[in-house]
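Tertiary structure, described
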Amino acid sequence: MSKQTSQSHSIDLFAIAHDSMIEAGFSPDSSSDVGKEVQSIVANSAIPAAQSAKDLRKLLWSSIDNSSSRDLDQVEYAEALAGGDTRLLIGIADVDALVPQGSAIDQQAAANCTSVYTGVKTYPMLPLELSTDLTSLNAGEDRLAVVTEMVLASDGTMKSVDIYRALVKNQAKLSYEPVGNWLDGRTPVPETVKAVEGLEAQISLQSESAKDLEEVRKQHGALELGTIQASPVVDEHGKVLELAMVEDNGARDLIANFMIAANVAMAQFLEAKGGPTLQRVVRTPKYWSRIVEIAADVGEKLPDTPDSRALADFLAKRKKVDLVHFPDLSLAVVKSLGPGEYAVQLPGKEGEGHFGLAVQDYTHSTAPNRRFADLVTQRLVKAALEGKPVPYSIDELKTIAEHCTERDAAARKVERKMRKVAAAVLLRDRIGEEFKAIVTGVTPKGTFARIIKPAVDGRVMRGEHGLRVGEKVQVKLVSVEPERGFIDFART
């Protein structure tokens, strides 16, 4: 636990975050066995031998992530080929090379399953000595990676896929906002891009390839959503400075499209090898009728039975017609779709698919420093590449899938709470003010709404009867309880 204390009007945000982690069933503090393994790894920090790994360190690899991120899971490289094709390489940190299955570090990662980003403090799945250093694809460092190589036709369709281990070196650590603003035409080329010879052309080619991949997915019915999230910005003492809006841009879209392509490729590779896969599924929505009602509220008609292509067309149209309220519409649709979950797909069986992405086979493989499911998939892939037996039994994979789903939900709950704690600190001097809001949840536990500006969630304590998800309302802030993350509204 951090020794720092928050100065947000004597509310200790660090302590609240730590206690919230424990209450949610996480183990935020490492055991002595983990500490000993970390010391041993750091003392022998040479890159593990990997004779089968290709040496690709001379390629112009780069990473794009949050400016504050130090746990870099992926790097990218694109190359124009004759005839209009593009060779796209996505390198994923080979975490398994330093975190053996069954080790104390692995057992702790299996228990927590995910890094948790509270905004006040990050609780990493892996020790920082690994996740932000030895297993992070840091700029200028030689690192082992699992590479997905794809050849894309000029229209974005996949012509070939190859997966292999490689030695890589990140040539430039870039961040979403500067690169996104440039790609979206709002600012000139960032200095971090201009500083590396050839990188401007490289990122431009990556951007075009990402757009082609996205267009193919849209044609198959992938949903284009545009939610907004407010993340707390705190100083080193834990004082909440503001709620920063995290919005989509060209750089975030680039990485999202590349990661989706890599995850699909990994799932299809494992299926072709005849082994089990740990898939990420979003089932056909149970509450499709509510989505139909949401469309009807804006004068549009959707089929009575779930249809991802029809929903995708509806969302694309609404984005063009009413961009201002599109995030609110997206949020209502997301709530009605329901959360994703992990499931084991057995050899020869048809997967449940990912409704939102309109793909049949999808796994999580691109963030092994941050998600245990991705580390498990990495081990499955490496075993298949080397012709070794599957490193987990079917029952073990099913247990992992169930636990990762539960921990993923728990992490989101902690992150939501800490956003609300920070928001309550900012809002406590605004009791009695009225705000525009959208209803985000109607459950047996209560009715919840998110005010538009600032983007803050709370519970509607009065006048909530009859409200529906997606409905726009006017609410008054009636009370806040920062220590518990409680923000209460009354419908006006």
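Look a little higher up for the structure.
This section reports on the structure supplied with the text. As the structure is a computational prediction, the values presented were derived from the model and not from experiment. (Residues numbered from 1 in each chain as written. Predicted model: local features only at pLDDT ≥ 70, side-chain atom pairs only at ≥ 80, totals over all residues. Heavy atoms only, no water.)

So, on to the overall build of the protein chain. Summing up its helical and strand segments, the protein chain has 13 helices and 17 strands in all. By the compact-globule yardstick of 23 Å for 492 residues, the protein chain fits well, its C-alpha radius of gyration being 23 Å. Its C-alpha atoms give the protein chain principal-axis dimensions of about 65 × 55 × 50 Å. Sequence separation of 24 or more characterises 70% of the internal contacts of the protein chain that already satisfy a separation of 6 or more. Accessible surface, the protein chain as shown: approximately 22,400 Å² in total, 50% of it carbon and sulfur. The distance from the centre of the 59 positive side-chain charges to the centre of the 69 negative ones in the protein chain is 3 Å. (Helix = DSSP H or I, 4+ residues; strand = E, 2+ residues; numbered from the N terminus. Rg over C-alpha atoms; globule rule 2.2 N^0.38 Å. Contact = heavy atoms within 4.5 Å. Areas by Shrake-Rupley, 256 points an atom, 1.4 Å probe, with all protein chains shown as cover. Lys, Arg positive; Asp, Glu negative; His and termini not counted. Charge placed at Lys NZ, Arg CZ, Asp CG, Glu CD.)

A few words on the sheet that holds strand S14 (residues 446–451). If you walk around this closed barrel you meet the 5 strands as S13-S14-S15-S17-S16, and the pairing is mixed. Averaged over all pairs of adjacent strands, the angle between strand axes in this sheet comes to 55 degrees, irrespective of strand direction. Pairing of S14 with strand S15 (residues 456–462), which is carried by 5 bridges, proceeds in the antiparallel orientation. Bridging from a neighbouring strand, Arg 450 pairs with Asp 457 of S15. (Pairing = 2+ DSSP bridges. Axes fitted to C-alpha atoms, helices over the stretch in contact; angles between N-to-C directions.)

Right, let's talk about unusual backbone geometry for a bit. Backbone geometry places Cys 113, a non-glycine residue, at a positive phi of 75 degrees. With respect to the secondary-structure elements, Cys 113 resides in the loop between helix H3 (104–112) and strand S5 (116–117). For Cys 113, a relative accessible area of 5% corresponds to the buried category. (Buried < 20%, exposed > 50% of the residue type's maximum accessible area, 1.4 Å probe, protein only.)

In this section: a positive patch on the surface. On the surface, Lys 335, Lys 413, Arg 416 and Lys 445 cluster together into a positively charged patch. In this structure, Arg 416 sits in helix H13 (residues 394–427). (Patch = residues over 30% accessible without salt bridge, like charges linked within 9 Å, V, L, I, M, F, W, Y side chains within 5 Å. Salt bridge = Lys/Arg side-chain N within 4 Å of Asp/Glu carboxyl O.)

Let us now look at the nonpolar core. With 73 residues, the main nonpolar core has Trp 61 and Phe 372 as its most contacted residues. Among the elements that take part in this core, helix H8 (residues 250–272) stands out by supplying 10 residues, more than any other. In contact with Phe 372, other than residues within four places in its own chain, are Asp 106, Ala 109, Ala 110, Cys 113, Met 125, Arg 379, Tyr 392, Ile 400 and Cys 404. Phe 14, Ile 16, Leu 243 and Leu 427 belong to the second-largest nonpolar core, a separate cluster that totals 37 residues. (Core = buried A, V, L, I, M, F, W, Y, C linked by side-chain atoms within 4.5 Å.)

A few words now on helix H11 (residues 326–337). Between the first and last C-alpha of H11 there are 16 Å, a value that for 12 residues agrees with the 16 Å anticipated at 1.5 Å per step. Burial runs high along H11: 10 of the 12 residues are buried. (Expected span 1.5 Å × (residues − 1).)

In total, this model carries 37 salt bridges according to the counting rule given. Arg 370 is the salt-bridge partner of Asp 65, the closest N and O atoms lying 2.7 Å from each other. Of the two residues, Asp 65 is situated in strand S2 (residues 61–65) and Arg 370 in the loop between strand S12 (341–345) and helix H12 (372–386); the sequence distance between them amounts to 305 residues. Classification of Asp 65 as buried rests on a relative accessible area of 4%. For the salt bridge of Glu 386 with Lys 388, the shortest nitrogen-to-oxygen distance reads 3.1 Å. Residue class for Glu 386 comes out partly exposed when judged on its relative accessible area of 36%. Judged by its relative accessible area of 53%, Lys 388 falls in the exposed class. Shared partners join several salt bridges into a network, and the residues in it are Asp 94, Asp 96, Asp 106, Arg 165, Arg 379, Lys 382, Glu 386 and Lys 388.

Once that is clear, we can look at the packing of aromatic side chains. In this structure the tally under the stated criterion is 2 aromatic pairs. Each ring, one from Trp 61 and one from Tyr 77, has its centre 6.3 Å from the other, and the planes form 55 degrees; the classification is tilted. Here Tyr 77 lies in strand S3 (residues 74–80) and Trp 61 lies in strand S2, a separation of 16 residues in the sequence. A residue is classified by how much of its surface remains accessible, and Tyr 77, at 11% relative accessible area, is buried. When the centroid spacing of 6.3 Å and the interplanar angle of 75 degrees are considered together, the rings of Trp 288 and Phe 355 count as edge-to-face. With a gap of 67 residues between them, Trp 288 in helix H9 (residues 288–297) and Phe 355 in the loop between S12 and H12 connect regions that are remote in the sequence. Residue Phe 355 is classed as buried on the basis of its relative accessible area of 11%. The ring centre of Tyr 342 lies 4.5 Å from the NZ or CZ of Arg 280, which sits over that ring. The lysine or arginine in question, Arg 407, covers the ring of Phe 26, its NZ or CZ lying 4.4 Å from the ring centre. (Phe/Tyr/Trp six-rings, centres within 6.5 Å; stacked < 30°, edge-to-face > 60°. Lys NZ or Arg CZ within 6 Å of the ring centre and 35° of its normal.)

It is worth spelling out the environment of Ala 490 at this point. Mapped onto the fold, Ala 490 is located in strand S17 (residues 486–491). Of the residues examined, Ala 490 reaches a relative accessible area of 6% and is grouped as buried. As for Ala 490 and Gly 275, which are separated by 215 residues in sequence, their C-alpha atoms are 53 Å apart. If we ignore the near neighbours within four places in the chain, the residues touching Ala 490 are Arg 462, Gln 474, Val 475, Lys 476 and Val 478.

When you line up the elements, Asn 249 lands in the loop between strand S10 (240–246) and H8. Separated by 235 residues in the primary sequence, Asn 249 and Phe 14 have C-alpha atoms spaced 31 Å apart. Asn 249 has contacts with Tyr 176, Glu 177, Gly 180, Asp 184 and Arg 186, leaving out every residue within four places of it along the chain. Here the side chain of Asn 249 touches Tyr 176 through a polar contact of 3.4 Å, landing on its backbone oxygen. Within the structure, the side chain of Asn 249 is placed 3.0 Å from the backbone nitrogen of Ala 251, a separation counted as a polar contact. (Polar contact = N/O pair within 3.5 Å; in protein donor to acceptor, adjacent residues only side chain to side chain.)

Let's shift gears to the pairing of strand S7 (residues 142–152). With 10 of 11 residues buried, S7 lies mostly within the body of the structure. Pairing of S7 with strand S8 (residues 158–175) involves 11 bridges; the strand directions are antiparallel. For Val 151, the partnering residue across the bridge sits in S8 and is Ser 160. Remark: 5 residues form the turn of the hairpin made by S7 and S8, two consecutive strands paired antiparallel; Gly 156 in that turn has positive phi of roughly 90 degrees.

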